[in-house]
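Here's the letter readout for the chains.
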Amino acid sequence: MRKGFVRLLLLAACLLGLTACAPKQDAAETPRLLLGFSQLGSESSYRIGNTRDIEAQAEAYGISLMMKNANQKQENQIADIRSLIAYRVDVIAFSPIVEDGWDTVLIEAKRAGIPVVLVDRTINTKDESLYAGLIGSDFYREGVMAAEYLIRKADRLGREQINIVEIRGTENSTPMKQRQQGFMDTIAGDRRMHLLSSVDGDFLRSRGAECMRDLLKTYGRQIDAVFSHNDEMTIGALPEIEKAGMVPGKDILLISIDGGQDAIDILKEGKINCIVECTPKLGSILMETAVRLKNGEPVERVIHPEEQVFTDEDDLSHLAPRGY
Ligand code: GZL
């Protein structure tokens, strides 16, 4: 009996010894996923918040990140994507500044066997295989929600007519095209709604100010409402309305999109009436998607984040800090 027991103990000791000295699969040995991201620029709080969130989530997921910034130029983005291909990253993600002109460089990525994910905005292409999926807001719905607020406001104010000016985002960008379409489709059935003018503000604060100045010169107090495609242009427009002797949020209704802290604070002051949220916090969904692509797993074709609307009818006193 004793001999058998001793043998068992010896066997157990050997097995334990073997596992103890077996080389652990050192974390350093499993190569970290290398994600290449081509960011379109730094034109807005949204964009800066988007970049920061992607960087923070890459850190949190233990993913190596090569971040490129194209400073609002498509040719820079194309060059950035080429350099990520040359660097042989595992996955390429990018936020296309405009919808057209991407096939050539994405064919190069496909030939290099590097999967591509679109973030925030989408592209026009006949070859759907050039990207694995899109992670971004439903911009059409954002336009609809902006118009639905204005219709409700006109009801509440008992207005017979609402003269609207639109300050659009970057020409041929997905948010500009879809926000405009959603807004116009929704007001089309309401005879009170009249579009006086639509101008290009390129999502920039400075251009928002210029556009508002010109619109006030042309239409002055005829303007009842501004539909601005992002907070930057809205914030640029505000002082021009005040310089013209009008009270923003009262004499002229302001409807905006994004929901960064600065704009939310101005809404709380009553100078903006409605902000449709467009969250830049897409980083964690992007990291999950990159890991799945690296592992050869399928990914959803389109992923829309949850978003809400903030209006002058809401109690925003308990709203958490926006983080962008
Ligand atoms: C929308 C994003 C837009 C923001 C703007 O997801 O592409 O671009 O609304 C930004 O603030 O410039």
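Residues numbered from 1 in each chain as written. Predicted model: local features only at pLDDT ≥ 70, side-chain atom pairs only at ≥ 80, totals over all residues. Heavy atoms only, no water.

### Quick look at the pattern of salt bridges
For the coordinates displayed, the defined rule picks out 22 salt bridges. For E232, the salt bridge identified is with R205, shortest N-O distance 3.1 Å. Here R205 lies in helix α7 (residues 205–219) and E232 lies in helix α8 (residues 231–243), a separation of 27 residues in the sequence. You can call R205 partly exposed: its relative accessible area is 36%. We note a salt bridge from R213 to E240, for which the minimum N-O separation is 3.1 Å. Taken as a pair, R213 in helix α7 and E240 in helix α8 lie far apart in primary sequence, 27 residues in all. (Salt bridge = Lys/Arg side-chain N within 4 Å of Asp/Glu carboxyl O. Helix = DSSP H or I, 4+ residues; strand = E, 2+ residues; numbered from the N terminus. Buried < 20%, exposed > 50% of the residue type's maximum accessible area, 1.4 Å probe, protein only.)

### Here we look at the sheet that holds strand β10 (residues 274–277)
Here 6 strands make up an open sheet; going across it, the order is β7-β6-β8-β9-β10-β12 and the pairing mixed. Each end of this open sheet is capped by a strand with a single partner; those strands are β7 (193–200) and β12 (309–311). Geometrically, the sheet is characterised by an average inter-axis angle of 15° between neighbouring strands, direction not taken into account. Running at roughly 135° to β7, α7 makes contact with β6 (162–168), β7 and β8 (225–228) of the sheet. (Pairing = 2+ DSSP bridges. Axes fitted to C-alpha atoms, helices over the stretch in contact; angles between N-to-C directions. Contact = heavy atoms within 4.5 Å.)

### Comments concerning the site of the ligand
Close contacts around the ligand come from 13 residues, with E43, D120, R121, R179 and D258 the closest. N230 places a polar side-chain atom, nitrogen or oxygen, 2.9 Å from an oxygen atom of the ligand. Considered on its own, the ligand offers 310 Å² of accessible surface; in the complex 100% of this is hidden by protein. Taken atom by atom, the bulk of the ligand overlaps the largest cavity. Here the shell around the ligand is built from residues that sort into 5 nonpolar, 2 polar and 6 charged. Per-domain counts for the shell around the ligand show at least three residues from each of domain 1 (31–137 + 280–307) and domain 2 (139–278). (Near = heavy atom within 4 Å. Polar contact = N/O pair within 3.5 Å; in protein donor to acceptor, adjacent residues only side chain to side chain. Areas by Shrake-Rupley, 256 points an atom, 1.4 Å probe, with all protein chains shown as cover. 1 Å grid on protein atoms, 1.4 Å probe; cavity = no way out; pocket = protein on both sides within 12 Å on 5 of 7 lines; lining within 4 Å. Sits in = over half its atoms within 2 Å of the grid points. Nonpolar A, V, L, I, M, F, W, Y, C, P; charged D, E, K, R; others polar. Domains from an automatic or database assignment.)

### Structural notes on the packing of helix α5 (residues 139–157) against helix α6 (residues 174–187)
What describes two packed helices is the angle between their axes and the distance between those same axes. Packing of α5 against α6 brings their axes to within 7 Å, and their N-to-C directions diverge by 40°. Put simply, α5 runs oblique to α6. When the axes of α5 and α6 are compared, the crossing they make is right-handed. On α6, the residues touching F139, Y140, E142, G143, V144, A146, A147, E148, L150 and I151 of α5 are T174, P175, Q178, R179, Q181, G182, F183, D185, T186 and I187. A per-class count over the contact of α5 with α6 returns 10 nonpolar, 6 polar and 4 charged. (Parallel < 35°, antiparallel > 145°, perpendicular 65-115°, else oblique. Left-handed = near helix turned anticlockwise from the far one by under 90°.)

### Here we look at unusual backbone geometry
With a phi angle near 65°, N172 is a residue other than glycine that sits in the positive phi range. Position of N172 among the secondary structure elements: in the loop between β6 and α6. In the Ramachandran plot, F203 falls in the positive-phi region, its phi being about 65° despite a non-glycine side chain. Structurally, the position occupied by F203 is in the loop between β7 and α7.

Functional significance is not addressed by these values, which are geometric in nature.
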